[in-house]
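Spelled out from the first residue to the last, the chains are:
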Amino acid sequence: MTVTSQELEQMVAAKVKEVAEHRLEQLVNERVRAALEAETRKTARPKRVAIVASKGTLDAAYPPLILATTAAALDMEAGVFFTFFGLHILKKKGLGALKFVPVANPAMPMPMPNLLGALPGMTGLATLMMKQTIKQKHIASIPELMDVAKESGVKLWPCQMTMEMMGIKREDLIDGLEEPVGAATFLEFASHADITLFV
Amino acid sequence: MAIGYTVALHLDCKGLNCPLPIIKTKKAIEKLNLGQVLEMISTDPGSKPDMIAWSKSTGHELLDTKEEPGLFTFYVRKTK
């Protein structure tokens, strides 16, 4: 097949037009999307994260505090409701003294038979090892994360009912918390949340 | 190194793990004026996707990411 130079020119021109149009459309779409996102951010209320912390072990204290502090860093509004054993995280005595329990935890770095893990001192040992790893690997400690949470305006609610049940007084809890509340207050907050999590 | 913009603040997050680089980045950007650029250096491989997500969520502009083995450098412009 022979192609005249005129035909060739037309083919090239058509191809160039097609590519250019496609690219132009892409660019316009990108710009419009970015502008829309920026506009939404300006006008919309901040995203909200509502978290329930229901467990009082060292490992279970991490997810709610990491997620809440990161949410605040992402310009989201975050609130954590500490209920049942989760309330332990807010105790003056609990904050730095949370324990890591090896019993019934098949995901231990060094798997340990339950019978062995149940021996006196094993929880203390496992906690010590966990805390050493946390320090060595430059992972934030629970008290550090709690400080960041307070600084960045994360709402920290102690559960009133749990306080009654466990005989915990306001003065047993760390400073910088919201007033103790019930399920209704948390649910009202959570009903306007974009993300709700139960830990 | 020609990067095309002036860095107003350097933040060293080497050795730190999630979520500390993001939390420190957020604190650092608050110290800047509108339009100024923050340079954040991290060794946490998770900080690469996380900085993209942080930028998307906050609207601060992630201008550039440089990657060397085990070292990530981010340039962020304060937009609000």
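The structure presented is a predicted model; accordingly, all values stated were derived computationally and were not measured. (Residues numbered from 1 in each chain as written. Chains lettered and ligands numbered in written order. Predicted model: local features only at pLDDT ≥ 70, side-chain atom pairs only at ≥ 80, totals over all residues.)

Student: Help me out: how do you make sense of the overall build of chain A in this one?
Tutor: Across its full length, chain A holds 8 helices and 4 strands. If you list the helices and strands of chain A from N to C, you get α-β-α-β-α-α-α-α-β-α-α-β. Relative to its 199 residues, chain A shows a buried fraction of 23%. Looking at chain A alone, contacts between residues at least 24 apart form 74% of all its contacts between residues at least 6 apart. (Helix = DSSP H or I, 4+ residues; strand = E, 2+ residues; numbered from the N terminus. Buried ≥ 20, exposed ≤ 12 C-beta atoms within 10 Å, placed from the backbone. Contact = placed C-beta atoms within 7 Å.)

Student: How do you make sense of the overall build of chain B when you look at a structure like this?
Tutor: Within chain B, the secondary structure is distributed over 2 helices and 4 strands. Start at the N end of chain B and walk to the C end: the helices and strands fall as β-α-β-α-β-β. In summary, chain B has a C-alpha radius of gyration of 11 Å against a globular reference of 12 Å for 80 residues, a match within 12%. With respect to the three principal axes, the spread of C-alpha positions in chain B is 30 × 30 × 20 Å. In chain B, which comprises 80 residues, the share counted as buried stands at 32%. Considering only residue pairs separated by 6 or more positions, chain B has 58% of its internal contacts joining residues 24 or more positions apart. (Rg over C-alpha atoms; globule rule 2.2 N^0.38 Å.)

Student: For this particular structure, what's the right way to read the interface of chain B and chain A?
Tutor: Bring the parts together and some accessible area is lost; that lost area is often taken as the interface size. At the interface, 12 residues of chain B touch 13 residues of chain A. At the level of elements, helix 1 (20-31) and helix 2 (47-58) of chain B are the ones that each hand at least two residues to the side of chain B that touches chain A. Here the element with the most residues in the side of chain B that touches chain A is helix 1 of chain B; it accounts for 4 residues. Taken together, the residues that form the side of chain B that touches chain A break down as 6 nonpolar, 5 polar and 1 charged. (Nonpolar A, V, L, I, M, F, W, Y, C, P; charged D, E, K, R; others polar.)

Student: Hey, could you run me through helix 1 of chain B in this one?
Tutor: Spacing of three or four residues puts side chains on the same side of an α-helix, whose turn is 3.6 residues. Taking 1.5 Å per residue, 12 residues should reach 16 Å; helix 1 of chain B reaches 17 Å between its end C-alpha atoms and fits that length. Within helix 1 of chain B, burial applies to B:Leu20, B:Pro21, B:Ile22, B:Ile23, B:Thr25, B:Lys26 and B:Ile29. (Expected span 1.5 Å × (residues − 1).)

Student: Can you walk me through the sheet that holds strand 4 (residues 71-77) of chain B in this structure?
Tutor: In a beta sheet, neighbouring strands are held together by backbone hydrogen bonds and run either parallel or antiparallel to one another. Residue and element names in this part refer to chain B. Pairing is mixed in the open sheet, where 4 strands are placed in the order 1-2-4-3. Sheet topology places strand 1 (7-13) and strand 3 (61-68) at the edges, where each strand pairs with a single neighbour. With strand direction ignored, the average angle separating the axes of adjacent strands in the sheet is 15 degrees. The sheet contact formed by strand 2 (residues 37-42) and strand 4 spans 6 bridges and is antiparallel. (Pairing = 2+ DSSP bridges. Axes fitted to C-alpha atoms, helices over the stretch in contact; angles between N-to-C directions.)

Student: Before we go on, may I ask you to explain the domain arrangement of chain A in this structure?
Tutor: For chain A, the assigned domains read domain 1 (1-44) and domain 2 (46-96 + 141-198). Taken over C-alpha atoms, the centre of domain 1 of chain A sits 50 Å from the centre of domain 2 of chain A. (Domains from an automatic or database assignment.)

Student: Explain the environment of A:Pro113 to me, please; I cannot follow it from the model alone.
Tutor: Among the structural elements, A:Pro113 can be located in the loop between helix 3 (92-95) and helix 4 (114-117). Between the C-alpha atoms of A:Pro113 and A:Val103, which are 10 residues apart in sequence, the distance is 7.8 Å.

Student: What exactly am I supposed to notice about the confidence of the model for chain B here?
Tutor: Should pLDDT be low for a region, the predicted coordinates there are not to be read in detail. Mean pLDDT over chain B works out to 93, with 96% of the residues at or above the 70 mark. This prediction of the complex comes with two scores: 0.79 for pTM and 0.84 for ipTM. (pLDDT = per-residue confidence, 0-100.)

Student: Explain the environment of A:Lys169 to me, please; I cannot follow it from the model alone.
Tutor: Residue and element names in this part refer to chain A. Mapped onto the elements of the fold, Lys169 is located in the loop between helix 7 (160-166) and helix 8 (183-190). We classify Lys169 as exposed; it has 7 C-beta atoms within 10 Å. Sequence separation between Lys169 and Lys91 is 78 residues; the distance between their C-alpha atoms is 9.5 Å.

Student: Explanation requested: the packing of helix 2 (residues 58-73) of chain A against helix 1 of chain B in the structure shown.
Tutor: The geometry of helix 2 of chain A relative to helix 1 of chain B is characterised by a closest axis approach of 9 Å and an angle of 30 degrees between their N-to-C directions. On the basis of their axis angle, the class for helix 2 of chain A and helix 1 of chain B is roughly parallel. Read as a crossing pair, helix 2 of chain A and helix 1 of chain B show a hand that is left-handed. Packed against helix 2 of chain A, whose contacting residues are A:Thr69, A:Thr70 and A:Ala73, the element helix 1 of chain B presents B:Ile22, B:Ile23 and B:Lys26 at the interface. Looking at side-chain class alone, the contact of helix 2 of chain A with helix 1 of chain B contains 3 nonpolar, 2 polar and 1 charged residues. (Parallel < 35°, antiparallel > 145°, perpendicular 65-115°, else oblique. Left-handed = near helix turned anticlockwise from the far one by under 90°.)

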